[in-house]
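As a plain string of letters, each chain reads:
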Amino acid sequence: MIYVYQPDLSGREREYLLDAFDSSWISSKGEYVDRFAKNFESYTGIKHATVVSNGTVALHLALHCLGLAPGDEVIVPSFTYIASVNTIVQTGAVPVFADSNAHDWLLDVGHVESLITDRTRAIMAVHLYGAICDMDSLCALAERYGLKIIEDCAEALGSTYRGRHVGSFGAVGTFSFFGNKTVTTGEGGMVTTNDAALAERLTIVKGQGQDPSRRYWHSELGFNYRMTNLAASIGVAQLERIDSILARKREIGCRYRVNLVNSGVRFQDVPDHVVSSDWLVSLLVPDGVDREVMMAEMEGSGIETRPVFYCAHQMPPHFRADLSLPVAQDIAQRGISLPSYPGLDDDQVDFICDAMMNILQKAKRRSVAA
Ligand SMILES: *Cc1c(COP(=O)(O)O)cnc(C)c1O
């Protein structure tokens, strides 16, 4: 079976993990935690990075520290991973769902503008599958209306927009190091900002709101969102190899696009000024092809594929019967992600493409016959 993802732990991950273990600094104090944050800052060029225990709490911490409160509205794409929306609700704020663009599957900035009210406080820009939202338009819009931008960069570590890393455009950026993300620590996350005061607050709040100069004096409401030194040790080793991990993922993305150019599938578009991390290479199956049948047939050939996300406004916790977001709903119905891990070799990519083209041909013959 070829899986959608398998982490590549072939560098110094094991060595650093055992080093952290042997040092007995296995909890959230230890040199790897600090090193991971420092190395992340130098890699992304963002001034401040705070390590946390996963990408979901990274979002919650960021939203909380921006001061979101009940009654506030946050504009978020409905087509996203559920954590983007859940964490808004967890602050008491209200998620306001925006549609996506057909070309890049990301926030439709024109629609975002039409949703702004006098309760809107923030916009969550989710950079899905490694592509990046239209930050020129989004930043201009946020500036014009006095809104904060939160960037959910969980899928876009290594992606750049006019040469600049994601997570540095908005007030705050968040990352995930889950096992299938470009860099993994098992479970893990990061919050980034160029604002020194916000950075200090993020660090205090993730550690129970404890005053940094007075133990057990809690100056504000906090959480325990810390990462262990064990997890961070893996992150340090992963980050040492991020350039080669990304290079291989981009080669794989390119090979899929070339091989499948005449197959009728439509890849997520990336404009020239964006370099995608190619986190998961994703595409829309052609009209008239049943996605579920196609995925089952791929599985029959020993290839795991993954449906893209469902729209948040169509699932029970965030259900909105009155809402129709035609582009987002269409992508959610027709999108799949292909195996995209750096350990895939060219023959495997070719094998996956051949299998897919055969299945598409068969589907076409079936629809002609019908
Ligand atoms: C993975 C992911 C998250 C959450 O990260 P976890 O580390 O799994 O909590 C948030 N947003 C997006 C878009 C993601 O892909």
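Bear in mind that the values here come from a model prediction, so they are computed numbers and not experimental data.

Focus: the packing of aromatic side chains
One pass over the structure, following the stated rule, counts 14 aromatic pairs. Seen in terms of ring centroids, Tyr161 and Phe169 are 5.5 Å apart; in terms of plane orientation they differ by 80°. Their pairing is edge-to-face. Like Tyr161, the residue Phe169 is buried in the burial classification. Within the aromatic cluster, the residues linked to one another by ring pairs are Phe79, Tyr81, Trp105, Tyr129, Trp279 and Phe309. When the ring centre of Trp217 is taken as reference, the NZ or CZ atom of Arg214 above it lies at 4.2 Å. In this structure, Arg257 is placed above the aromatic ring of Phe267, and the distance from its NZ or CZ to the ring centre is 5.6 Å.

A few points about the domain arrangement of the chain
Partitioning the chain into structural domains gives domain 1 (13-240) and domain 2 (242-369). Distance from the C-alpha centre of domain 1 to the C-alpha centre of domain 2: 26 Å. Residue-level contacts link 40 residues of domain 1 with 40 residues of domain 2. Across the domain 1/domain 2 interface, buried area totals approximately 3300 Å², and carbon plus sulfur atoms make up 62% of it. Our count for the contact surface shared by domain 1 and domain 2 stands at 18 residue pairs in polar contact (both at pLDDT 80 or more). If you list the elements that add at least two residues to the side of domain 1 that touches domain 2, you get α4 (82-90), β3 (94-98), β6 (160-161) and α8 (229-240). The biggest single contributor to the side of domain 1 that touches domain 2 is α4, with four residues. Split into classes, the residues belonging to the side of domain 1 that touches domain 2 amount to 20 nonpolar, 14 polar and six charged.

Some remarks on the packing of helix α1 (residues 13-23) against helix α2 (residues 31-44)
Geometry of a packed helix pair, given as the angle between the helix axes and the separation of the axes. In the contact formed by α1 and α2, the axes pass within 10 Å of each other and the chain directions differ by 140°. Relative to α2, the element α1 is oriented oblique. Residue-level inspection shows Tyr16, Asp19 and Ala20 of α1 in contact with α2, the latter providing Glu31, Tyr32 and Arg35. Tallied by class, the residues present in the contact of α1 with α2 amount to three nonpolar, no polar and three charged.

Brief notes about the pattern of salt bridges
Applying the stated rule across the entire model yields 21 salt bridges. Between Arg144 and Glu113 there is a salt bridge, with its nearest N and O atoms 3.2 Å apart. With Arg144 in helix α6 (residues 135-145) and Glu113 in helix α5 (residues 109-115), this pair connects stretches of sequence that are 31 residues apart. Judged by relative accessible area, Arg144 falls into the exposed class, the value being 56%. Relative accessible area serves as the criterion here: at 31%, Glu113 is assigned to the partly exposed category. Here Arg257 ties to Asp278 by a salt bridge, and the two come within 3.0 Å at their closest N and O atoms. Taken together, the residues Arg257 in helix α9 (residues 242-259) and Asp278 in the loop between β11 (274-275) and β12 (282-284) connect sequence positions 21 residues apart. With a relative accessible area of 29%, Arg257 lands in the partly exposed category.

A short note on the sheet that holds strand β4 (residues 120-126)
Read from one edge to the other, the open sheet built from seven strands follows the order β1-β9-β8-β5-β4-β2-β3, with strand pairing classed as mixed. The sheet terminates laterally at β1 (48-52) and β3, the two strands that pair on one side only. On average, each strand axis in the sheet is tilted by 25° relative to the strand beside it, whichever way the strands run. Packed onto the sheet, helix α3 (residues 55-65) meets β1, β4, β5 (148-152), β8 (172-176) and β9 (189-193) and runs at close to 165° relative to β8. Sheet contacts for helix α7 (residues 196-206): β1, β8 and β9; angle to β1, the most-contacted strand, approximately 15°.

Some details on the layout of surface pockets
Taken as a whole, the largest pocket spans an internal volume of roughly 820 Å³. In this structure, the largest pocket is lined by 26 residues; those nearest its centre are Lys29, Thr203, Lys206, Gly207 and Arg226. Elements with a minimum of two residues in the lining of the largest pocket: α2, β1 and α7. Top contributing element to the lining of the largest pocket by residue count: α2, with five residues. Within the lining of the largest pocket, the residues separate by chemical class into nine nonpolar, nine polar and eight charged. In this structure, the second largest pocket spans a volume of roughly 380 Å³. If you trace the second largest pocket, you find 24 residues lining it, with Thr56, Tyr81, Ser176, Phe178 and Lys181 closest to the centre. Elements with a contribution of two residues or more to the lining of the second largest pocket: α3, α4 and β8.

Overview of empty space enclosed by the protein
Under the criterion given, the structure shown has two cavities of 30 Å³ or more. Taken as a whole, the largest cavity holds about 60 Å³ of empty space. Lining of the largest cavity is provided by Tyr129, Arg257, Phe267, Gln268, Val270, Ser276, Asp278, Trp279, Leu280, Val281 and Ser282. A class-by-class count of the residues in the lining of the largest cavity yields six nonpolar, three polar and two charged. The calculated volume of the second largest cavity comes to roughly 40 Å³. Around the second largest cavity, the lining residues are Tyr5, Gln6, Pro7, Asp8, Lys181, Thr182, Gln238, Ile245 and Pro342. By residue class, the composition of the lining of the second largest cavity is four nonpolar, three polar and two charged.

How each quantity is defined
Position numbers for residues start from 1 in each chain and track the written sequence from start to end. Since the coordinates come from a predicted model, pLDDT governs what is reported: local features require at least 70, and pairs of side-chain atoms require 80 or more to be given and counted, while whole-chain, interface and lining totals use all residues. Side-chain numbers come from the whole structure's heavy atoms, not from hydrogens or water. Pairs were defined over the aromatic rings of Phe, Tyr and Trp, the Trp ring being its six-membered one, requiring ring centres within 6.5 Å. Orientation was assigned from the angle between planes: stacked under 30 degrees, edge-to-face over 60, tilted for the rest. Think of it in three bands: residues with accessible area under 20% of the maximum for their type are buried, residues over 50% are exposed, and the middle band is partly exposed, with areas taken using a 1.4 Å probe on protein chains only. Comment: the charge-over-ring label is applied if NZ (Lys) or CZ (Arg) is within 6 Å of the ring centre and within 35 degrees of the ring normal. Residue ranges for the domains trace back to a domain assignment, done automatically or taken from a database. We call two residues in contact when some of their heavy atoms are within 4.5 Å. In this description, buried area is defined as the sum, over both parts, of the accessible area (probe of 1.4 Å) that is lost when the two are combined. Pairing of N or O atoms within 3.5 Å defines a polar contact, subject to two protein rules: one partner must be a possible hydrogen donor and the other a possible acceptor, and residues neighboring in sequence count only if both atoms are side-chain atoms. Strands here are runs of E lasting at least two residues and helices are runs of H or I lasting at least four, both read from the DSSP assignment and numbered beginning at the N terminus. Residue classes follow a fixed rule: Ala, Val, Leu, Ile, Met, Phe, Trp, Tyr, Cys and Pro count as nonpolar, while Asp, Glu, Lys and Arg count as charged, and any other residue, Gly among them, counts as polar. Axis angles are defined between N-to-C directions and span 0 to 180 degrees, where every axis is a line fitted to C-alpha atoms and, for a helix, only to the segment in contact. Angle categories: roughly parallel below 35 degrees, roughly antiparallel above 145, roughly perpendicular from 65 to 115, and oblique for all the rest. What counts as a salt bridge is simple: a side-chain nitrogen of Lys or Arg found within 4 Å of a carboxyl oxygen of Asp or Glu. Any two strands between which DSSP finds at least two bridges are classified as paired. Cavity means a closed set of points on a 1 Å grid over the protein atoms alone, one where a 1.4 Å probe fits but cannot get out, pocket means an open set with protein on both sides within 12 Å along at least 5 of 7 lines, and lining means a residue has an atom within 4 Å of a point. Grid points are joined across faces, edges and corners, and a volume is the space filled by probe spheres set on the points.

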